[in-house]
Amino acid sequence: MKTFFTLFNKYVLENLPKLTFITLTVVFLINAFYNIALLGDGTWDFINILNNIFWDNENRNYATFIVNLPMILAIKLGCKDFNLFILLQGFWFFFVTLICLFIAYINIPAKNKNYFHFILLSYLISMNFVGTYFSNKSFLCAGLFWIIAIIFIFENFNTISFKKLMLLLICSFAMIKNYQWSAIFIFLLLIYWFIKIKEIDYTNIETIKIFKFFLLIVLFIIFILTILWVYNSYYYYASFLFNPIIEFYTDSNFIIFSITLLSILFIVMKPFIKVNNLLFKLLLYLSFIFIPYSMLKNNFLYFIGNFRLLNFIMPLLLSSIIFYIYKKKIVMNFTTIKILNLLLLIIFIINISVIAKIWNYELNDFYKLISKTQGIISSANTKTLRLQEGDHLNPWLSIILQKQRGQSHIKSVIYIEDKQNRVFHLTFFNIALFVETMPNLKKFEISYDNELLKKIAEKNTN
């Protein structure tokens, strides 16, 4: 048994970062063939990019552009293949997150590589709890934050290289108009900056580097001021701060989630707790057993969508822990966290594989419905899409699926019934509201049947 654990530690745990990058790349590539790009926000991004690659998406323009970059490039090169678009978009949603994780990894000094497992833990917790929001811009925002935070924590700004300063500026620039909660990350980075600035030797002849570093902070401040000016600070941030928090605490799965997260945190804190009795070990083992049972039983990957709030909570919490441990020179054993990361990685791979298959079954059923019925189809008849973000993306899917499966002349489209006066959904998602609201996709050789347009017009005159 001792030999087994020695080999397990040497070949698995010590190589977990490499195994993670290789395994996730393969898993992401495979799942890209399962229409994963059309889940959640992906459908919304997909159709809007077809209309205009620079479409306005609140305060997420840069993020929208980055997470859809391969699809945008394919469109600009004249490609009209929807299957290729969906494949590119589905793979890149995941892979751009993995790129951010890899950049953070290579910027950690060799002697401190074990700290990477805190970053990996942050990613894996979020990926296992955010629901079907793979295309959510908060993933990219968190990834950019980790790159910046790692440089803040480990670099000596008296000797920092120009390359890393440029990386700081590029990531900072990418966070502008990236996601509303970038501003939350900024406050922690400002705290790190005030701590690091005390270490600077102002007699150093390379003081110019400090001014470049200061430019980073200036960019962040400009970003905050822009948000406050454009969106009337309080009301804008109140809606994006407090609403998700309220949803977070009122979710019906909150108790299950809380116990699972407490188990994870208990394992994380184990190296800092100087207890070695039988009860403590029993609790530790129970935590390791409870986590996979709870997450697999409740399908956490797509079942608890509101918990994407973790994309901000975990980086803020774990980056603070890294900073504290590193500054205090605390010696710790990372074995427990490595095992936890391996466990969460396996759970994610299982869940993402399950969701991809279920999603494709649902899309096949959805396509059968729209292919056998011409004209306007009520959203009340499309409840088979359990994994989709409500009903409001069905109208977009009805066009995308027909084109993907070789039907360029669209004869049917979903219509959202407005029985509850959901004005927001109608304004932004109900493409069959009027003939004029049907997306113009002629450049992709998509046309609409005259009978369909006639029924849409008649519906609005009655």
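For the structure itself, look to the data block above.
My aim in this report is to walk through the structure given alongside it, one point at a time. (Residues numbered from 1 in each chain as written. Predicted model: local features only at pLDDT ≥ 70, side-chain atom pairs only at ≥ 80, totals over all residues. Heavy atoms only, no water.)

A word on empty space enclosed by the protein
Phase 1 of the analysis: Enumeration according to the criterion identifies four cavities of 30 Å³ or more in this entry.
Phase 2 of the analysis: If you add up the space inside the second largest cavity, you get close to 50 Å³.
Phase 3 of the analysis: For the lining of the second largest cavity, the secondary-structure elements that each account for two or more residues are α7 (116-129), α8 (137-154) and α16 (310-328).
Phase 4 of the analysis: Here the residues of the lining of the second largest cavity sort into five nonpolar, three polar and no charged. (1 Å grid on protein atoms, 1.4 Å probe; cavity = no way out; pocket = protein on both sides within 12 Å on 5 of 7 lines; lining within 4 Å. Points joined across faces, edges and corners; volume = space filled by probe spheres on them. Helix = DSSP H or I, 4+ residues; strand = E, 2+ residues; numbered from the N terminus. Nonpolar A, V, L, I, M, F, W, Y, C, P; charged D, E, K, R; others polar.)

Overview of the pairing of strand β3 (residues 412-415)
Phase 1 of the analysis: Both faces of β3 are covered, namely the face carrying Ser412 and Ile414 and the face carrying Val413 and Tyr415.
Phase 2 of the analysis: Two elements, strand β1 (residues 375-378) and β3, share four bridges in a ladder whose sense is parallel. Bridging across to β3, Gly375 finds its partner in Ser412. (Buried < 20%, exposed > 50% of the residue type's maximum accessible area, 1.4 Å probe, protein only. Pairing = 2+ DSSP bridges.)

Comments concerning the side chain of Gln402
Phase 1 of the analysis: Assignment of secondary structure puts Gln402 in helix α18 (residues 394-404).
Phase 2 of the analysis: At a separation of 2.9 Å, a polar atom in the side chain of Gln402 contacts the main-chain carbonyl oxygen of Ser412.
Phase 3 of the analysis: Once residues within four sequence positions are removed from consideration, Gln402 is found in contact with Tyr367, Ile370, Gln407, Ile410, Lys411 and Ser412. (Polar contact = N/O pair within 3.5 Å; in protein donor to acceptor, adjacent residues only side chain to side chain. Contact = heavy atoms within 4.5 Å.)

Quick notes on the pattern of salt bridges
Phase 1 of the analysis: Counting across every chain of the model gives four salt bridges.
Phase 2 of the analysis: The partner of Lys137 in a salt bridge is Asp45, with the nearest N and O atoms 3.1 Å apart. Here the residue Lys137 occupies a position in helix α8, and Asp45 occupies one in helix α3 (residues 41-51), the gap between them amounting to 92 residues.
Phase 3 of the analysis: For Lys137, a relative accessible area of 2% gives the class buried.
Phase 4 of the analysis: The closest approach of N and O atoms between Lys80 and Glu445, which form a salt bridge, is 3.7 Å. One end of the pair, Lys80, is in the loop between α5 (69-76) and α6 (82-106); the other, Glu445, is in the loop between α19 (423-429) and β4 (447-448), with 365 residues separating them in the sequence.
Phase 5 of the analysis: Residue classification places Lys80 among the partly exposed residues on the basis of a relative accessible area of 38%. (Salt bridge = Lys/Arg side-chain N within 4 Å of Asp/Glu carboxyl O.)

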